Every structure is written in structure tokens, then in C-alpha cells.
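Coordinate analysis (summary)
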Amino acid sequence: MAYPTPIYSGIVPAGALGDELGGLTRRAFIPRMIVQLYKSSPLISALLANAQMAGGGLNAVTVPVQGAAYTTASWGDFSGSFSQPAVTQGAFNAMFNLKLLICPIPFLGMEGFIQVDHSIVPIIDARMNDATYNMIDVLATALYNNGGSTNNAQQLVGLPGAVDDGTNATTYANITRSATNSWWRSQFTNNIGGGRFTRDFLLTYINQLVKATGEAPTFGICGFGTWTSFATDFTDGERYNYMVGQSPGKNAKASAHFRALEVAGVPLYADPYCPEGTVYLLNTRYLSLYLHKMGAFAFTGFESTLPNFQLGSIGAVVTVTEMVCTKPKCQSQLTGLTGYVNI
């Protein structure tokens, strides 16, 4: 992309005088880079804020999970007799491999010579800053797209793999979601179809999840169009309170609509990475992002590119991570909603 020539308008004259000023005068820069590319994600923010540390070893995150009863209770009579107990297998290992995400950062030798003592925004600072947000963007994208019908074994396994009943992800963490292992299945309602997305609608599926597990989800996530459609169900219930003697335009202001929506104590958030028409109800007690203690957005340092016959340096930001769901049964996925706003 070519950088623009000076704009000749306002107090900057056009013609020969403008060209002369353009050759003799520096631009008045704001020494700050305003990033235009990336989006914030409530889910990735929550996972990073509560991330767990992992170490080395094969299957670096291995979690014993109980999928069958160890004991059997029975009613007794006056004699106090009971049936001989059987020894049964109840434990299984849910095994997770960490995934490697690398963002290389190049720095050409001539860039350093040109910018030294004359940089407005050091290009190496811009690349270092970009590396973090680029990696977060890649992580957030994988969280909503990898692990279900689309599965890349080298990428982080996201919600489509963790929150499924075996329809798209027949195996998760090396445990099959067979009829025998129904305890490893999430609540999954596919192809819900049209109709308005309302509070009563969401309450039905919250209660479905609570009935199946005895535990309420921590929060729900959907796309912005889906969330906007849902918000309209709250609009008729809005109320404006004014104090006597005060006008809305002077000492008070009227607020319309909401920034957070809550049903049965479960807040629903909008995430720009979440596919429209899909709603996830998540229990973060059993959902965590694990980061390797040596690879949690770690910087390798710069190394010379002279062995490649080039004057310059290259470094990398490294993240070794995986999202771990230790109780898929407490998570729910609703897909196929069509009654959302197209924004």
C-alpha cells in the first residue's frame, strides 16, 4: 500500500507553495498505533483470566473422571442382610494434549538502521503488540470452529468438540460418547429452527440442563445478531423512573435496552466469534484453558538471520495450550436458530 501524498486543504495551500511546504515540513504525527483489525471476545477473556498451568509429560492434562457407580445401595429388612457387593470399574482417564501456537516476529536489519532516532512508532513494537492480539484472534476462532464436524488435530479443541452429544464429536479427550458412556455427552439440541428467541425459550433449555445435571450454567454465549433478537424480548418490560422536578434532558437521562441479559440467574453475553443461530450454556467450574508454564505467551528472544544470508533478526511468541472440559454433561449447545437479527 502506497502512503498518501500530503493533503492540500484547509490551511495547507495547493500548488507550488504546498509542494514547497511538503518538502520542508514534517508531518505532525500522533505517536500511537491505532489497531483496526481485532475484536474482543468475552469467552477468550474469561478463559485467559482463569487459566490453569500445565507442565510436561505425555497427555499433559489427564483428568480422572467417574462415569459409573462404584457402589449399589439397596433396601433392607429387619435381618439387616444385603446383597454381595460387586467390584466395578468407575474411573476413566480424560486425556488432553497441549497444542502449539507460534507467531514469528521478523525484524530486518535495514528497518533498524532507518528507524533509529527517527521512529514515530517503532515497527518492532507494533509487531510485538500485534503478535499477542493475532494469537488471541486465532485462539478465539478455534474455540468456536474446531473440534466438531471440522476437526484439526493440531489446533485447540473448541466448544464444538467439548460441547456435543456425539452427533459431530464422537470422541472427546479419548473417551467415546457411546450409548454406554452417555455420561460424557453434553446437552445438544440441533436444528431448532425458526421462531422468536425469547426468555421463555431460553429458560426451557436452561432448565433442561439443570434437570440433567443438578447444576446451573455459569453463563451463556451467542452471536450479536442472536443476542439482539433476544434483547427485543426484554424491551416491553423496560421502565423509566424519574424524580419529581427533574427532566430527562437536564439532571437525568433515559436509558433504553440492556448491555447484559439474564434469565433464571444465567447471564447471556454476545461474542463476535460465535456463529449466529448458536447458543452455548457453559459451566466454567468444569471448563478451563490450560497453558504450559514454559509456553504461556512466552517470547523466545531474537536470533540473527545471518545463517540464512540475511542481515536481521527473528523471534517468536509461543503459546502451548488446550481448552479442557472435564464435565461435558454440564454444558449445553443449541444450534439452528433462525429467528435472529441479520446484522
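These notes cover the structure that comes with them. What you see is a predicted model, and the numbers here were worked out from it, not measured in a lab.

1. Quick word on helix H4 (residues 123–145)
Its 23 residues give H4 an end-to-end C-alpha distance of 32 Å, which sits within 8% of 33 Å, the value for a rise of 1.5 Å per residue. Looking at the buried side of H4, the elements it contacts are helix H2 (42–49), strand E4 (99–108), helix H5 (159–162), strand E8 (219–222), strand E11 (279–282) and strand E15 (312–325). Among the residues trailing H4, Gly147 stands out with phi positive, at a value near 115 degrees.

2. Structural notes on the pairing of E15
Of all 14 residues in E15, 12 are buried; the element is thus mostly enclosed. Here E4 runs beside E15; their pairing, made up of 10 bridges, is antiparallel. Bridge assignment links Ile102 to a residue of E15, and that residue is Val318. Relative to E15, strand E12 (residues 287–292) runs antiparallel, the two sharing five bridges. When the bridges of E15 are listed, Ser288 appears paired with Val324. Relative to E15, strand E13 (residues 298–299) is paired through two bridges, and the arrangement is antiparallel. Residue pairing in the sheet places Ala298 in a bridge with Val318 of E15. Relative to E15, strand E14 (residues 303–304) is paired through two bridges, and the arrangement is antiparallel. Note that in E15 the partner of Glu303 across the bridge is Ile314.

3. Here we look at the environment of Gly220
Within the element layout of this structure, Gly220 appears in strand E8. Taking the C-alpha atoms as reference, Gly220 lies 10.0 Å from Asp271; in sequence the two are 51 residues apart. Leave out the neighbours within four places in its chain, and Gly220 touches Val266, Pro267, Leu268, Tyr269, Tyr280 and Leu281.

4. Considerations on unusual backbone geometry
Positioned with a positive phi, Asn174 is a non-glycine residue whose angle comes to about 70 degrees. Looking at where Asn174 falls in the secondary structure, it is placed in the loop between strand E5 (171–172) and strand E6 (175–176). In the Ramachandran plot, Phe297 falls in the positive-phi region, its phi being about 55 degrees despite a non-glycine side chain.

Calculation criteria
- Residues numbered from 1 in each chain as written.
- Predicted model: local features only at pLDDT ≥ 70, side-chain atom pairs only at ≥ 80, totals over all residues.
- Heavy atoms only, no water.
- Helix = DSSP H or I, 4+ residues; strand = E, 2+ residues; numbered from the N terminus.
- Expected span 1.5 Å × (residues − 1).
- Contact = heavy atoms within 4.5 Å.
- Buried < 20%, exposed > 50% of the residue type's maximum accessible area, 1.4 Å probe, protein only.
- Pairing = 2+ DSSP bridges.

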